[in-house]
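Observations on chain architecture
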Amino acid sequence: MAEDELDAFRKRWKQELTCKKEEQRHNSSSCDAAGQSSKGEQQRYFENLKPLSKASSPLKPEESDCTKERRCVDRGGQTAAEEQPKYMSIAHSLLDGRTSPLLDRIQEERSRRKRQYHSVTDVCRSALQLQQPQRKTKKDVELVDQLIQDLNEVNDIPFFDIELPYELALKIFQHLNCTELGRCAQVSRAWRVLAEDAVLWFKICMREGFHQDASVSDSPCWKSTLRDCRNSAKNVCSNWKNRVGSITQLQFELGKVLCDVSSCDNFVLAGYTSGDVRLWDTLHWDSTASYLKTNSLSANSEPRPYVSHVQVNSTVAAAAYEDGCVDLWSIETGGEPLHHYQTPGRIQALAVSCDSPVMCSAAGPDIRLDAADDHGYWRTLCQTQLSKAVENLVLVPGSRQPSPLATLSAGEDVYLLDPRQEEPQMLHSVYGHPVTCLDASASLVAFGVKRTGWAMHDGGNKIHVYSLEMGKPVVCVGNSPGDFSCINLRDSPPHLLVCGNKDRRVRVFDLRAGSSVVSLYAHHLGVTSVQADDWKIVSGGGEGLVCVWEMRMGAKLWEMHNRHPVRHVRFNTSTLVTANVPDDKSPRGACITDDDLTAHRRHRGVICHYDFSEDALSQDHILPICRSDYTESHGYNYNIGLAVPYDRLTGSHP
């Protein structure tokens, strides 16, 4: 470039700066005007550089600076007005699903941007040779690249709607959650049809645990069904925290003292010292199978033997008596027992599988495992004998025929019983370290071990967790001075274990880290039963107190009290069953004469059923003691505290 041309260009640049400064004085905002002036200066600078770099032609001095600037502004406004309908047509084509005009437009835009990119690069090189400041060139190039990238992303939308089959697109959408499906439904009409497909929302319902036994055709709109289920679950959770719901006492008025209680789903089974066994169906209170008939041997003996153990699942109910008899009934038919056998000794442990028709019993060291075949006939799978008396017995959930598994403890030994093997497999045995409690899940078994003698110096009592598949220890947690009295591994959240101890504490352990995540000071006579889910813990103590805890905060939500120890705690999403079983099965002095063995009502024990899905404001859902006043004869002083929270709800007390 000649020197006279450079001098002319510098003069031209100074004149433009002078003209721009005069215009800035008349503007209201100096900051905005300064930004626009710098932008206009760079734009005019690049426009003036292009003819110099291509043809090296001198500048034309005929037009004034202000006239050229106005013409550039007018030309820019006309260009924006002309290009706006084209972008609007692109938007309409995206909404309608048309792709051919968009492809041509994008190709043209890419070619134009590519040419512009090369021209800007040439201008930048010329500017560097002139040693002039070019601060905005890199930013302009980045904006152009970002625009091309955005156009490429927009180009993918209509192809997804047209070229992919509906089944393949549905398979992609099934990996999205509810929020992502809602966002996709706002993209286009085709995406909305995909995002509101009934199969997608049915699978989401299944993943969240709603309507597990349903099929796709059971609901006309699974999206609204999921919304209703979520709202119901939210209300139930709020009722759990605020103790809002119905409370029912399942008392057996004609029986004697309560001996044992078991519950599963909506069934509650109880055995009494009179030898009676009663089954409640909490969904159908008028069930005809409430009273289960005992076998002829136990029914004809005088006095009738006590019921020592009861177990129930969704299909069968079992009971063991003090004389060694075991009865098994069908929940659907009731009446006479389906299966019955007699053992020479007293039944020490009884277990029924939660998901299959399998029953296991232990009388001293003798173990018997029975199961039903495909035709419904019960037969004995195996009988074995150990060297010590069995104290704890649990059937492994998920293990079905022909090889149901059972875990049991006898003294210091823990065994795994498999019908396919001749002898039980020993998992754990340490001399002088007896096992105090036991529970099992589908893949793990956990048991508490009491340290005695010289081993007490090595630490407190422990909980050992073994793998059922490998038969080897996985983790050892806990270091407590008290004995572990109860463990719940089957119902606990994944990788968590909840347990109770005689040192008055409820603990939750993380099996991955091997450490305690929650420790609650609960019951002053020791923890007797416990269960937890993903956000709450329900524990029962020897003093008769039932406590509901919020796991994350470690705070007690509410509590209920009865005079007898809590021997059974079982809850699901909306219901809770607790049982206070007396330790003394033959109370004396409870009535007027000692010859009358009919126990007083306060000594019988009580079963409470809580339903948090119902409206607690209904008068029928309040306990009778809560609806009565304080002067009635049947309002005992020991549970008069129950009436206090309901005075405001019922309005029975002025």
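What comes next concerns the included structure.

Thresholds, definitions, all that
- Residues numbered from 1 in each chain as written.
- Predicted model: local features only at pLDDT ≥ 70, side-chain atom pairs only at ≥ 80, totals over all residues.
- Heavy atoms only, no water.
- Helix = DSSP H or I, 4+ residues; strand = E, 2+ residues; numbered from the N terminus.
- Buried < 20%, exposed > 50% of the residue type's maximum accessible area, 1.4 Å probe, protein only.
- Expected span 1.5 Å × (residues − 1).
- Core = buried A, V, L, I, M, F, W, Y, C linked by side-chain atoms within 4.5 Å.
- Contact = heavy atoms within 4.5 Å.
- Salt bridge = Lys/Arg side-chain N within 4 Å of Asp/Glu carboxyl O.
- Axes fitted to C-alpha atoms, helices over the stretch in contact; angles between N-to-C directions.
- Parallel < 35°, antiparallel > 145°, perpendicular 65-115°, else oblique.
- Left-handed = near helix turned anticlockwise from the far one by under 90°.
- Nonpolar A, V, L, I, M, F, W, Y, C, P; charged D, E, K, R; others polar.
- Phe/Tyr/Trp six-rings, centres within 6.5 Å; stacked < 30°, edge-to-face > 60°.
- Lys NZ or Arg CZ within 6 Å of the ring centre and 35° of its normal.
- Polar contact = N/O pair within 3.5 Å; in protein donor to acceptor, adjacent residues only side chain to side chain.
- Pairing = 2+ DSSP bridges.

**Details of the environment of Val 326**
- When you line up the elements, Val 326 lands in strand S8 (residues 325-330).
- A relative accessible area of 1% places Val 326 in the buried class.
- Separated by 13 residues in sequence, Val 326 and His 339 have C-alpha atoms that sit 8.2 Å apart.

**Observations regarding helix H10 (residues 222-242)**
- In a regular helix each residue adds 1.5 Å, so 21 residues correspond to 30 Å; H10 covers 30 Å between its end C-alpha atoms and thus fits that length.
- The set of residues buried in H10 consists of Trp 222, Ser 224, Thr 225, Leu 226, Cys 229, Val 236, Asn 239 and Trp 240.
- Backbone geometry just after H10 places Arg 243 at a positive phi near 55°.

**Here we look at the nonpolar core**
- Counting residues in each nonpolar core, the largest one holds 20 residues, and the members touching the most others are Phe 173, Leu 181, Trp 201, Ile 204 and Leu 226.
- At the level of secondary structure, the elements contributing two or more residues to this core comprise helix H6 (166-173), helix H7 (178-184), helix H8 (189-195), helix H9 (198-207) and H10.
- Take this core: its biggest share by element is 6 residues, from H9.
- Excluding residues that lie within four positions of it along the chain, Leu 181 makes contacts with Phe 173, Leu 176, Ala 195, Leu 200, Trp 201 and Ile 204.
- One finds Ala 351, Ile 367, Leu 408 and Ala 410 within the second-largest nonpolar core, a separate group that totals 18 residues.

**Quick word on the pattern of salt bridges**
- Within this structure, the stated rule accounts for 16 salt bridges.
- For Asp 533, the salt bridge identified is with Lys 536, shortest N-O distance 2.6 Å.
- With relative accessibility at 2%, the residue Lys 536 sits in the buried group.

**Some thoughts on the environment of Ala 198**
- With respect to the helices and strands, the residue Ala 198 is situated in helix H9.
- With a relative accessible area of 31%, Ala 198 lands in the partly exposed category.
- Residues Ala 198 and Pro 220 lie 22 residues apart in sequence; the distance between their C-alpha atoms is 8.1 Å.

**A look at the packing of H9 against H10**
- Two elements in contact, H9 and H10, have axes whose closest approach is 8 Å; the angle formed by their N-to-C orientations is 25°. Between H9 and H10, the angle falls in the class roughly parallel. In terms of crossing hand, the pair formed by H9 and H10 is left-handed. For the pair H9 and H10, the contacting residues are Ala 198, Trp 201, Phe 202, Ile 204 and Cys 205 in the first and Trp 222, Lys 223 and Leu 226 in the second.
- When grouped by side-chain class, the residues that make up the contact of H9 with H10 number 7 nonpolar, no polar and 1 charged.

**A look at the packing of aromatic side chains**
- The final tally for this structure, using the stated rule, is 8 aromatic pairs.
- Consider the rings of Trp 558 and Phe 612, whose centres lie 6.1 Å apart with planes at 50°: the pair is tilted. Here Trp 558 is found in strand S29 (residues 555-561), whereas its partner Phe 612 is found in the loop between strand S32 (606-611) and helix H12 (624-627), with 54 residues between them in sequence. With respect to burial, Trp 558 and Phe 612 carry one shared label: buried.
- Ring centres 6.3 Å apart and planes at 5° place the aromatic pair Tyr 610 and Phe 612 in the stacked group. Across the pair, Phe 612 and Tyr 610 agree in class, each one buried.
- Here a set of aromatic residues connected by ring pairs shows up, and it is made of Trp 240, Trp 558, Phe 571, Tyr 610 and Phe 612.
- In this arrangement the basic side chain of Arg 368 is found over the ring face of Tyr 341, its NZ or CZ atom lying 3.8 Å from the centre.
- Over the aromatic face of Trp 240 sits the side chain of Lys 536, whose NZ or CZ is 4.5 Å from the ring centroid.

**A short note on H9**
- Those residues of H9 that sit buried are Leu 200, Trp 201, Phe 202, Ile 204, Cys 205 and Met 206.
- Lining the buried residues of H9 we find H6, H7, H8 and H10.
- Here H9 starts with a cap whose side-chain oxygen sits 2.9 Å from the backbone nitrogen of Val 199, and that cap is Asp 197.

**Some thoughts on the sheet that holds strand S17 (residues 425-429)**
- Spatially, the 4 strands line up as an open sheet ordered S14-S15-S16-S17, and their pairing is antiparallel. Two strands bound the open sheet, and with one partner strand each, they are strand S14 (392-395) and S17. Here the average twist between neighbouring strands, direction ignored, is 20°.
- In this sheet, S17 lies alongside strand S16 (residues 413-417) in antiparallel orientation, the contact comprising 4 bridges. Considered in S17, the bridge of Tyr 415 is made with Met 426.

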